[in-house]
Amino acid sequence: MQLSDFPVTHVEHSRLSQVNFDKLGFGTIFSDHMFSMDYEDSAWRNPRIHPYQALALEPGVAMLHYGQTVFDGYKAFRGLDGDARVFRPDMNARRLHNSCRRLCIPVMEIDELSEIMINATRELIRLDHEWVPSGWGQSLYIRPLIIGTESTLEVRAASSYRFMIMTSPVGSYFGDLQKGVSLRVEDRYTRAASSGGLGEAKTAANYAASLLPGSESRAQGFDQVLWLDGNEHRYVEEVGAMNIFFKIGGKVVTPPLGGSILPGVVRDSALTLLDDWGLPTEERRIAIDEVIAAFRSGVLEEVFGAGTAAVICPVASIGYRDEVFHVPAKPPGELTQRLYDELTGIQYGKLEDRHCWNLRVPLPP
Ligand code: COI
């Protein structure tokens, strides 16, 4: 058997009828089937599709104690023609590959990982095609996850792993996108070390580090945290659930990928679209003082986030120390809206996919 041929065990009873597609949250419902594969005796083996089910793990599994785990996230959209379109899964495979390397998880060759991820995604979508929502703004979120499964309290890489892919019908991550989110600049806690840390890996530790500052932000009435670099607490990094862009004096500026921020697939797509339109962009360090000065002098035009879950998300205000700065134009700004329309137009098959980003999966009518 090839690693890309999967035996399929079907559910006996689908849970589909319990799902209210008018009230999808984010990642609270999982489709009927999932993919699993194991790493044992120094090789990845036994790829399979089976009913979504609970895991049986010993409490001594090192991953539960020391966090040897990576994940990724991408989406399939039901197009206007009824087919599903998976957005840039090859980039997610590459990022998962890099995350594995950083977390010392034995990984297949990139081409093999990509083929397995793409074939598993295609099979899951075909099997659970009725779980792919059709509402505007809705999608099937696809979550690959790899965990160390060896039971040991020694601090070292595990000798066994489980690779899983689950899917979840989702709505918008931030509720009403038109309203725009509020961010609070965090200048005390750090999401990820400035260099040599885990920041560019999609791993649990970065999200664990964000929980306390995130809940402090919400208690102060903000939606999300805007992270600064871990060294000087001076340079803007990202928002945790999305990368960040500023339109200042006609130019779009976003922090560079320097190892401490997540290399977002939607970030890359937004930069490509801006470039297609001939708009000037800069990937460079941007100090929070520069952002505040741009607010004060009136040259800051728009702020938006870009992420798989967040899509293109307008930012309405930024709180820094004791002040809240409001983006002048009512969100979404013109460019934010244009990017949102173009990106979602491509994802839902309304606009030409000129960069061949979509993996099309024909679905039964
Ligand atoms: C994503 O956009 O896929 C994310 O991982 C963000 C978050 C839901 C963890």
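Computed from a predicted model, the values in this text were never measured in an experiment.

Draft legend 1. Examining the layout of surface pockets more closely. Roughly 810 Å³ of volume is contained in the largest pocket. Looking at the lining of the largest pocket, the element that brings in the most residues is helix H4 (residues 204-219), giving 7 residues. Taken together, the residues of the lining of the largest pocket sort by class into 19 nonpolar, 14 polar and 7 charged. Per-domain counts for the lining of the largest pocket show at least three residues from each of domain 1 (3-171) and domain 2 (181-332). Contributing to the lining of the second largest pocket are 18 residues, with Arg94, Arg95, Asn98, Glu200 and Pro263 lying nearest its centre. Of all the secondary-structure elements, those providing two or more residues to the lining of the second largest pocket are helix H2 (89-102) and helix H5 (265-276). When residues of the lining of the second largest pocket are assigned to their parent elements, the largest contribution, 7 residues, is made by H2. Among the residues making up the lining of the second largest pocket, the classes are represented as 6 nonpolar, 5 polar and 7 charged.

Draft legend 2. How the structure looks around the site of the ligand. Taken together, Phe26, Phe71, Gly73, Tyr141, Arg143, Tyr173, Lys202, Tyr207, Thr308 and Ala309 make up the full set of residues near the ligand. Residue Tyr141 places a side-chain N or O atom 2.6 Å away from an oxygen atom belonging to the ligand. Between the ligand and the protein, one listed contact pairs an oxygen atom with a backbone N or O atom of Ala309 at 2.8 Å. Here the ligand loses 90% of its free accessible area of 280 Å² to cover by the protein chains. Among the detected pockets, the ligand sits in the largest pocket. Partitioned by chemical class, the residues of the shell around the ligand number 6 nonpolar, 2 polar and 2 charged. Residues from two domains meet in the shell around the ligand; each of domain 1 (3-171) and domain 2 (181-332) gives at least three.

Draft legend 3. Geometry of H4. With 16 residues, H4 should reach 22 Å at 1.5 Å per residue; the first-to-last C-alpha distance of 23 Å fits that figure. Of all the bends in H4, the greatest reaches close to 35° and is centred on Leu211; the proline Pro213 follows between one and four positions later. When we look at burial in H4, the residues that qualify are Asn206, Ser210, Pro213, Gly214 and Ser217. The secondary structure elements touched by the buried residues of H4 are strand E8 (181-186) and strand E9 (224-227). Of the residues one or two after H4, Gly221 is the one with positive phi, at around 90°.

Reading guide: rules and limits
- Each chain has its residues counted from 1, running along the sequence as written.
- Reporting in this predicted model follows two pLDDT cut-offs: at least 70 for local features of residues, and 80 or more for side-chain atom pairs to be given and counted; totals over whole chains, interfaces and linings ignore these cut-offs and use all residues.
- Hydrogen atoms and water are omitted, and side-chain values are computed over all heavy atoms in the structure.
- A pocket, in this scheme, is an open set of points on a 1 Å grid over the protein atoms alone with protein on both sides within 12 Å along at least 5 of 7 lines, while a cavity is a set where a 1.4 Å probe fits but cannot get out; residues line either one if an atom lies within 4 Å of a point.
- Grid points are joined across faces, edges and corners, and a volume is the space filled by probe spheres set on the points.
- By definition, any uninterrupted DSSP run of H or I lasting at least four residues is a helix, any uninterrupted run of E lasting at least two residues is a strand, and each is numbered from the N terminus.
- Residue type decides the class: Asp, Glu, Lys and Arg count as charged, Ala, Val, Leu, Ile, Met, Phe, Trp, Tyr, Cys and Pro as nonpolar, and the leftover types, Gly among them, as polar.
- For each domain, the first and last residues come from an automatic or database assignment.
- To be near a molecule or strand, a residue needs just one of its heavy atoms within 4 Å of it.
- Counting of polar contacts relies on pairs of N or O atoms within 3.5 Å, with two restrictions inside protein: one atom must be capable of donating a hydrogen and the other of accepting it, and residues adjacent in sequence are counted only when both atoms are side-chain atoms.
- What sets the accessible areas is the Shrake-Rupley method with a 1.4 Å probe; for residues, cover comes only from the shown protein chains.
- Throughout, a molecule is located in a cavity or pocket provided that more than half of its atoms lie within 2 Å of its grid points.
- Multiply 1.5 Å by the residue count of a helix minus one, and that product is the helix's expected span.
- Here the bend at a residue is taken as the angle between two axes, fitted respectively to the seven residues that end there and the seven that start there.
- With a 1.4 Å probe rolled over the protein chains alone, any residue whose accessible area is under 20% of its type maximum counts as buried; one over 50% counts as exposed, and the rest are partly exposed.
- Whether two residues touch is decided by their heavy atoms; if any such pair falls within 4.5 Å, the residues are in contact.

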